[in-house]
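# Inside the fold
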2 protein chains.
Amino acid sequence: VTNLILCGGSGTRLWPLSRPEMPKQFYPLFSGRSLFEMTVDRNKDLADHFYVASNLLQMGLATEQMAKCGVADFGSLVEPVGRNTAPAIALACLALVAAGKAEELVLVTPSDHLMTKPADYERAVKRAGELAAQGYLVTFGINPTSPDTGFGYIEAKGENLVSFREKPDLATAKAYLESGRYFWNSGMFVFRAGVFLAELQKHSPEVYRACRAATTVTHEAMMAIPSISIDYAVMEKTTLGKVVACDPGWSDLGSFDALYEDTEPRKDGNRVLSSLPPVFVEARNNLVVGSGRQIALIDVEGLIVVDTADALLITKRGSTQKVKHVVSLLKPVL
Amino acid sequence: VTNLILCGGSGTRLWPLSRPEMPKQFYPLFSGRSLFEMTVDRNKDLADHFYVASNLLQMGLATEQMAKCGVADFGSLVEPVGRNTAPAIALACLALVAAGKAEELVLVTPSDHLMTKPADYERAVKRAGELAAQGYLVTFGINPTSPDTGFGYIEAKGENLVSFREKPDLATAKAYLESGRYFWNSGMFVFRAGVFLAELQKHSPEVYRACRAATTVTHEAMMAIPSISIDYAVMEKTTLGKVVACDPGWSDLGSFDALYEDTEPRKDGNRVLSSLPPVFVEARNNLVVGSGRQIALIDVEGLIVVDTADALLITKRGSTQKVKHVVSLLKPVL
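Summary of the structure given here. (Residues numbered from 1 in each chain as written. Chains lettered and ligands numbered in written order. Predicted model: local features only at pLDDT ≥ 70, side-chain atom pairs only at ≥ 80, totals over all residues. Heavy atoms only, no water.)

Turning our eyes to something else, we now look at the sheet that holds strand 17 (residues 311-316) of chain A. One open sheet accounts for six strands, arranged 12(A)-14(A)-16(A)-17(A)-15(B)-13(B); its pairing is mixed. With one partner strand each, in any of the chains shown, strand 12 (271-273) of chain A together with strand 13 (279-281) of chain B form the two edges of the open sheet. Taking the axes of each pair of neighbouring strands and ignoring which way they run, one obtains an average angle of 5° across the sheet. The pairing of strand 13 of chain B with strand 15 (residues 294-298) of chain B spans three bridges and is classified as parallel. In the sheet register, B:Val281 faces strand 15 of chain B, and the bridge partner there is B:Ile298. (Pairing = 2+ DSSP bridges. Helix = DSSP H or I, 4+ residues; strand = E, 2+ residues; numbered from the N terminus. Axes fitted to C-alpha atoms, helices over the stretch in contact; angles between N-to-C directions.)

Dropping the structure here:
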């Protein structure tokens, strides 16, 4: 098994944690560990090799943090420009095939997800591996806990993949949740390298051809590859799709409100991600993400405070989608 | 005229701006200037000499900031231990008398007050100087703008000092305000050095004797001096008291709520004391005291945010008197 870790762009929804030069997945957020490191740790016993697809800057951070996790050797695809998930996965699979590993099971995972129930994750990956070994393309369906309109959904019938659904409106999401047949699309997959490439060739031949043509991954060769997700290029069209439902305590940490939900409350309802505990004086139900400075909160409730070395965000809970406005206002100076 | 600047203890009410090693009066809060520097600037044209009474640590900061204000030479009294205002003033006056300057007019000022109306301050100091030259002990009565229970009051009849009053309860403070005969006690004075010492000898002979005995200001000699304020030791007892009423836009910055009131609002109601302007996204009526990091506020109202190099305070407006609880909770680690 090879764990292909995709390190994508640098989201702005978690500013000031996430920056172009230091995306959220590399930030030492959880007892000094980053989401990237937690991803490596989580998959270390499930995979024999690692392969990282990323840009040059993030590859530097990935190499450092791989070393911290005790992984000295890993394959890498440095993308001069991102072309979404299908090309990144295809280029990695092509490299495996070229190395005589067409049968290799590839576990594709993002680098920026949180899982609080590792046992169920392990179970699901093992089951997905069994199905992938039989020639299927396996995706993971996260049991939805709310009618979230921020995720794509996967429709399943047993372990069979029925369809992929775009982000729904609230009414549709509620119907999905009630039906019990829909799962959140986590962006994780398992398949044999050769099987994936064959399906890509079949369903998106132009993507396959352009990836084959990129024998050296130059900017020009990458730009010739259509920018397309694995969902559109393969998973929505394949007849070999399977779904493993799971409940791994998953979060994509898409906002600070999500981070709030994914952080255990203390007795006073405050939630803390910091090496130095804040002082709370009659302050309740706040999330404090700290960088080691002494922080004190007095008589405030429902705030999210994110303190980094060079920037500070204070927002009301429930308003964290407005973080992108801050980033757009700051862009000229950042 | 000698301006005697008293640099007292290090208040905890403005943590994290005010620290034992960096009291609030030395913090570059107002367009990069500290209250100490503003005090020196304010008095530079009114006084011929400066004299600073302080502890060793603050004397270092005072010397640095005096130089920034273009004052190379000033007298100094380094107190090994603070004994309140009467001994500090007495020791400074004794030094002046020893230098043959018994007639010197001494303008006693704190170092941590803000004055937004310098013209009225100048007028009041000049009038106080005239009265002091006639042998009076002159204090400044700040026209009260509210029935504040946090200040001592001075009762006056015209320019005559009638009595000093301790911090009143609210009903008493309201009666004071209505009567028009009561003023806030600002802790500023003007008198001749020799006149002050004569009145101290008359009304608090034991303080006078102990100060005289402290020919070198050792810890032991200081501890032998009663710890007593000029109000108790002299001003409440003297028959030579005068009051100059004034309205110099005065604030003692006793809390962050006071600092909020003393800072001009922007159009959105936010108030900012920072070299780097914060980003406000639907945030109103907050005070942000910054240290140069990028700060962003989203959807919050009525907060006071104080950001320093190594600590961050976030408090609701109106709750800033609880800052002392933070300090007491932090004491073991600070």
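Turning our eyes to something else, we now look at the interface of chain B and chain A. Every contact between the two is made by 31 residues of chain B and, on the other side, 31 residues of chain A. Contact between chain B and chain A buries roughly 2600 Å² in total, counting both sides, with carbon and sulfur atoms accounting for 66%. Three residues, B:Arg293, B:Ile298 and B:Ile314, lead the burial of chain B against chain A; their summed loss comes to 25% of the area buried on that side. Put simply, chain B and chain A have six salt bridges between them. A salt bridge links B:Asp307 to A:Arg293; the shortest N-O distance between them is 2.7 Å. At the surface where chain B touches chain A, the tally comes to 22 residue pairs in polar contact (both at pLDDT 80 or more). Broken down by secondary-structure element, the contributors of at least two residues to the side of chain B that touches chain A are strand 13, strand 15, strand 16 (303-307), strand 17 (311-316) and helix 11 (323-330) of chain B. Looking at the side of chain B that touches chain A element by element, the count peaks at six residues for strand 17 of chain B. Each residue belonging to the side of chain B that touches chain A can be placed in one class, and the counts come to 19 nonpolar, five polar and seven charged. (Contact = heavy atoms within 4.5 Å. Buried area = accessible area lost by both parts, 1.4 Å probe. Salt bridge = Lys/Arg side-chain N within 4 Å of Asp/Glu carboxyl O. Polar contact = N/O pair within 3.5 Å; in protein donor to acceptor, adjacent residues only side chain to side chain. Nonpolar A, V, L, I, M, F, W, Y, C, P; charged D, E, K, R; others polar.)

It is worth spelling out the relation of the copies chain B and chain A at this point. Once turned by 179° and shifted 0.1 Å along the axis, chain B lies on chain A with an RMSD of 0.1 Å. When the rotation and shift are considered jointly, the pair of chain copies conforms to a two-fold rotation axis. Of the residues that chain B buries at the interface, 100% are likewise interface residues in chain A, meaning the two copies contact each other through the same surface. (Least-squares fit on C-alpha atoms with pLDDT ≥ 70 in both.)

Turning to the packing of aromatic side chains, a few remarks are in order. Within a pair of aromatic rings, the relevant descriptors are the distance that separates the centres and the angle that separates the planes. Residue and element names in this part refer to chain A. All chains considered together, the criterion is met by 14 aromatic pairs over all chains. With 4.7 Å between their ring centres and 50° between their planes, Phe 151 and Trp 184 make a pair best called tilted. Taken together, the positions of Phe 151 in the loop between strand 6 (137-142) and strand 7 (153-157) and Trp 184 in strand 9 (residues 182-192) put the pair 33 residues apart, joining distant regions of the chain. When its relative accessible area of 6% is taken as the criterion, Trp 184 is described as buried. Taken together through their ring pairs, the aromatic side chains of Phe 151, Trp 184 and Trp 250 make up a single cluster. The lysine or arginine in question, Arg 42, covers the ring of Tyr 121, its NZ or CZ lying 5.7 Å from the ring centre. (Phe/Tyr/Trp six-rings, centres within 6.5 Å; stacked < 30°, edge-to-face > 60°. Buried < 20%, exposed > 50% of the residue type's maximum accessible area, 1.4 Å probe, protein only. Lys NZ or Arg CZ within 6 Å of the ring centre and 35° of its normal.)

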